[in-house]
Structures are given as structure tokens and as C-alpha cells.
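Structural overview for review
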Amino acid sequence: MRIGRIAPLLAVGVTATLIPALAPAQASAAEPLQRFTHQKPAWHRCDTSSPAAFQCATIKVPLDYGRPDGKTVKLAISRVKTSVPGKRHGALLFNPGGPGGEGLDMPFMMKDTLPKKVREQYDLIGFDPRGVGQSSPVTCGLTGVEQNSERPYKAETFSRDVKWAQRVADKCRARNGDRLPYITTRNTARDMDVIRAVLGERKISYLGYSYGTYLGAVYAQMFPQRTDRFVLDSSIDPARVWRGMIQVWAEGTEPAFTRWTRWTAQRHRTYKLGDTPAKVRKTFWALIARADRTPIDNGGEKVSGDDIRAMLRPAFFSPEYAARAVVELKKAAAGHATASGRPSAPDREQTPRRPAGAAAQAPADNGSAAFWTVVCGDTSAWPRDPEQYRRDAIRDKAKYPLYGDFASNITPCAFWDKPAEPVTAVHNNVGLLTVQNQWDSQTPLISGLGMHHALKGSRMVYVRGGEGHGVYNGDPRACADRAVDAYLSSGRLPAHDLTCKPPAGHGPGSSRRVAPTPQHTPGAPRF
């Protein structure tokens, strides 16, 4: 999604082994932690409209693991147990992405995606990360306008952007007080280890998408001896958290745009946008200039050139979608009635919504609030001087014309309080599997390679020509999916990195389905 509109046997010593990866202040905290690791969840049917096998519970975790006898956070967890206990290997946790993505429904959604040989080996475990959904959700009381963080740098509007960033940071601080510094990836990883202990597992397995790859990598860094079969799909580069991961959207879009101009020029008879890449490029930038002069009526919505650049950035990774959208926008600019040129995300299809009444709804701004709380609270690497953002945005607009001024503009993190802990340095030899499409709009290939290089013991499954954000879908025809299934079912990594082709029919712009993810508030930032 675009930024703007996108737990072992509970025996003697278990709690002690939990301590070293936590904060130093916890060295004497074994006794207080036992009340968390020894919890007995009261499992119940999640909702009358969902299957009885889909069960939910609530547990408690420390707000601050450095003070486990202090305040607590409620954590919503869920499960679908294996129907073949004799084949059970352990627990498989999920995270759909974010920060801010709700994962409580993931077992229900994934039970039909995973092949039988995988599903029978695991209890499928979901959870809403702290601060998200049903897990003590954060809210900053942000309006719809305040949630729109897709702001291109302009000299005449930069002061307003600075005020917006300051206002969002102030509202989040005022609404959440002393909770704010503890809604972080490191603490969510600690929560995962409490879940592991509560479930009575010595190790856990995991499937995480997008932001979930960073969460999984942080867990593997903090708890390597309890990391079992981990699959990281469409990876964050841990060296870029977090400003660099927003900026990589600009860097990664330029080669996708160049590919799009070539693809579209080869199909000039269909799209009539130019018979050479240079002409296609000229057509696009002429459309941007036209919309900046006079906003285009796009299905009842007035869109500027800036709006079109932001709207089409992820679409360029699937050329057919982008070509169709540009054609429709050109028609609209000429005054012809047309369907909205806004492309639907080419890498996700509509997915099941949480059953009505399953739980109280999270605050309307929870997705945005959780996003900023995590990305600002994880690291102190955000510049504090607004002028640094101005300089960077001007530089990156020239370097990455499509999105550089958006990606490097100021954010609320410029005004955030200092993080409670240093960022996690990911560098280990834990054996796990990463999976990456070549053309991924949210975690471009360079980002996936960064994760693979940081995890020295990992193997990478690379889908050359693969499009979309999210690879694994349990498709037995797909080379990458077969590799994931083999690893999850056997625990054996490939001997070497693998290069796959997309399944037949999954060429540029083709419709495809990836692993289902929960619905989110429109416009909530997310990886």
C-alpha cells in the first residue's frame, strides 16, 4: 500500500533463557516474567460467524520489558490447530506487514492457502502486534487529512509540511504518553517470544511479509536459538530502517518506470502512448505537466500531476496496469468521460474481511498511528533539522524524478522523542529462507538483497520477472512456492540460492493473487 492515501517447554530455566535478549535492566526480572510466560490462554471461538476451529484469546505482556512488574499491554492472539496431531511439528506464526498490519485473522486466511503437507504440521498462529488492531491499539486522533503523508516537496508548501509533521508527532505524544516509546519492533519480537512460551514451544516457525520480514529478522537476531523455520517474503533492508526504506521507493521506481516505457512502446498499436521509450516517457511527463496546470477530473476526483505521480508509482511495477491507467487519464484530460484512472493494486486481490462483530473496531487512524509509532520509535537515524529534509528532497527530486521529492520530504519522525533503545543491527548466521520478486513496488529488489546479505545463513529464492508485493501463495505451479513448501515441510534449506521464473500466465501486468492480508484503513501508511 502506498504511504499516503502507503514464543518452549515451560520448565526450569525457560524464563532465564528469555532474559539475555531483553534489556540489561531485566537481568533480575525472572520472577516477574513468569507471570507472562506461564499464562494459560482462555481459548474461545473467535466469532459465531467464523469456524469453531478458529480460536482467539488475549494474553498480557509487559509494556516495558525492562520493568516487567510495571504496566502491561493486552495482546490478541489466534490459532487454527492442526487436524493431524501425529504429524505436528510446531507452531507457525504470521505477520502480514505494516507496521500497523493486523495479523489476528491470518490463520483463518492462510489455512486454505498452505498446502496439506505444510498445514498438517503446524498450529497456525496469528496475533495483532502491540499497538495494532485488538492489541491495545494506539491512536493519535488524526484526521483524514493528517493521515495523508504523501507530500511532495515544494518551496511554497514546505512550511505547511513541517507544521503537519510537528502536529502529528505532538498529537501522538499527547494521546499515548508513556506508552509511545515501547511500541517498537524489538518489543514486538519479545512479545513473539512470550507467545512461544505461552504455547509451550521450544522454538517457533514464522512466515512474515514485507514489514513482517524485518520483525522476523529482529526476532532471529534476538532469539537465534528459538528460531525454527522462518520464511521472509518481500524483505525490508535492515540497514535502511526506516527513512531509507521510504526513500528506496523512489530509487526502486526509476528502473520500473524505464521498463514500463519499453514495454509500452512495444505495444504502441494498443496504447498509443508512443512507439519508442523516449516518446512514451514524453507522453507521461506531458500528462503530468497538464495535470499540474489544470487538475484532471478522474472519475469525479480532481487529480494534479503530483497526485498522478504518487498514484502510479506502485503501478509501474506491473506495466499493463500503468499503461491502462495512463490511457484513461489521457482520455480524462481530453474531456472524455472515463472510469477512474486510479489503478487497483496489481499485487493483491480482494481478501476476506474480519467477520462482522468479531471484535471491537480499532480506532480509525490506528494504521497510520501504529506506522509512525514504530518507524519513528525504532531508530534515532531520522534527521532533526527540517532543512535537512528540504535539501534531501531537492536532491532526490532531481535524481529520482518520479518520487524523490515525496520520499525524502519531512515526516513526523523529525519531531519524535528519542527512542528507548538503539535500532537492532541484523547480522547473524541463522538459517532461514528469503523470497523476493524482481519487480516489487514496496520492497524493491535492492531491499530484498539487503536483507539476504545481512542474514549470512539465509538462502534466497529470487523470482526473475516476478511482479507484485508478496510472492508466496501456496501455488503448486510456482517454483518459488514449491521451494517455500519444501522448506516449511522438511526444515531443509536449498543447497544454494534459487532463481525462479513466474508461473505461466504471470507475465507483465497479469492478474495474480498473493497470500491474503487483512483489510486496512484506506490511506494508512504501510510496507
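No experiment lies behind these values; they were computed from the predicted model shown.

**Considering the overall build of the protein**
Regarding its fold elements, the protein presents 18 helices and 12 strands. Per-residue burial for the protein yields a buried fraction of 61% across its 527 residues. Accessible surface computed for the protein: about 20,200 Å², of which carbon and sulfur atoms make up 53%.

**Topic: unusual backbone geometry**
At the junction of G98 and P99, the peptide bond is cis and its omega measures out at -5° in the coordinates. Assignment of secondary structure puts P99 in the loop between β4 (90-95) and α3 (106-110). Cis geometry is found at the peptide bond from V241 to W242, where omega equals -15°. Note on placement: W242 falls in the loop between β7 (227-233) and α9 (243-265). Non-glycine residue S234 carries a positive phi angle of around 70°. For S234, the position within the fold is in the loop between β7 and α9. At K272, a position not held by glycine, the phi torsion is positive, near 55°. Among the structural elements, K272 can be located in the loop between α10 (268-271) and α11 (277-293). When its relative accessible area of 56% is taken as the criterion, K272 is described as exposed.

**Points about the sheet that holds strand β1 (residues 44-45)**
The sheet built from 10 strands is open, its strands ordered β1-β2-β3-β5-β4-β6-β7-β10-β11-β12 with mixed pairing. The open sheet terminates on both sides in strands that have one partner only, identified here as β1 and β12 (498-500).

**What about the packing of α11 against helix α13 (residues 319-333)?**
Axis separation between α11 and α13 bottoms out at 11 Å; the angle between their running directions is 45°. Comparing the axis directions of α11 and α13 gives the class oblique. Viewed along their axes, α11 and α13 form a crossing whose handedness is left-handed. Judged by residue contacts, T283, F284, L287 and R290 of α11 engage V326, L329, K330 and A333 from α13. Among the residues making up the contact of α11 with α13, the classes are represented as 5 nonpolar, 1 polar and 2 charged.

**Some words on the packing of helix α12 (residues 305-312) against α13**
Contact geometry for α12 and α13: axes closest at 11 Å, N-to-C directions at 160°. Relative to α13, the element α12 is oriented roughly antiparallel. Judged by the sense of rotation from one axis to the other, the crossing of α12 with α13 is right-handed. In this structure, α12 contributes I308, M311 and L312 to the contact, and α13 contributes A325, V326 and L329. Classifying every residue of the contact of α12 with α13 gives 6 nonpolar, no polar and no charged.

**Concerning the state of the cysteines**
Put plainly, a disulfide is one covalent bond tying together the sulfur atoms of two cysteines. For the structure on display, the rule yields 4 disulfides. Across a sulfur-sulfur distance of 2.0 Å, C140 and C172 are joined as a disulfide pair. In this structure, the disulfide formed by C140 and C172 twists by about 105° around the S-S bond and is classed as right-handed. On the criterion of sequence distance, the pair formed by C140 in the loop between β5 (122-127) and α5 (144-147) and C172 in helix α6 (residues 158-176) is long-range, its members being 32 residues apart. A single burial state applies to C140 and to C172, both of which are buried. Ordinal numbering of bonded cysteines along the protein defines a disulfide pattern of 1-2, 3-4, 5-6, 7-8.

**Looking at the environment of A286**
Its place among the elements puts A286 in helix α11. Remark: the alpha-carbon pair of A286 and K330, spanning 44 residues in sequence, is separated by 9.9 Å.

Each value, and the rule that gives it
Residues numbered from 1 in each chain as written. Predicted model: local features only at pLDDT ≥ 70, side-chain atom pairs only at ≥ 80, totals over all residues. Heavy atoms only, no water. Helix = DSSP H or I, 4+ residues; strand = E, 2+ residues; numbered from the N terminus. Buried < 20%, exposed > 50% of the residue type's maximum accessible area, 1.4 Å probe, protein only. Areas by Shrake-Rupley, 256 points an atom, 1.4 Å probe, with all protein chains shown as cover. Pairing = 2+ DSSP bridges. Axes fitted to C-alpha atoms, helices over the stretch in contact; angles between N-to-C directions. Parallel < 35°, antiparallel > 145°, perpendicular 65-115°, else oblique. Left-handed = near helix turned anticlockwise from the far one by under 90°. Contact = heavy atoms within 4.5 Å. Nonpolar A, V, L, I, M, F, W, Y, C, P; charged D, E, K, R; others polar. Disulfide = S-S within 2.5 Å.

In short, the description is geometric, and any link to function would need to be established separately.
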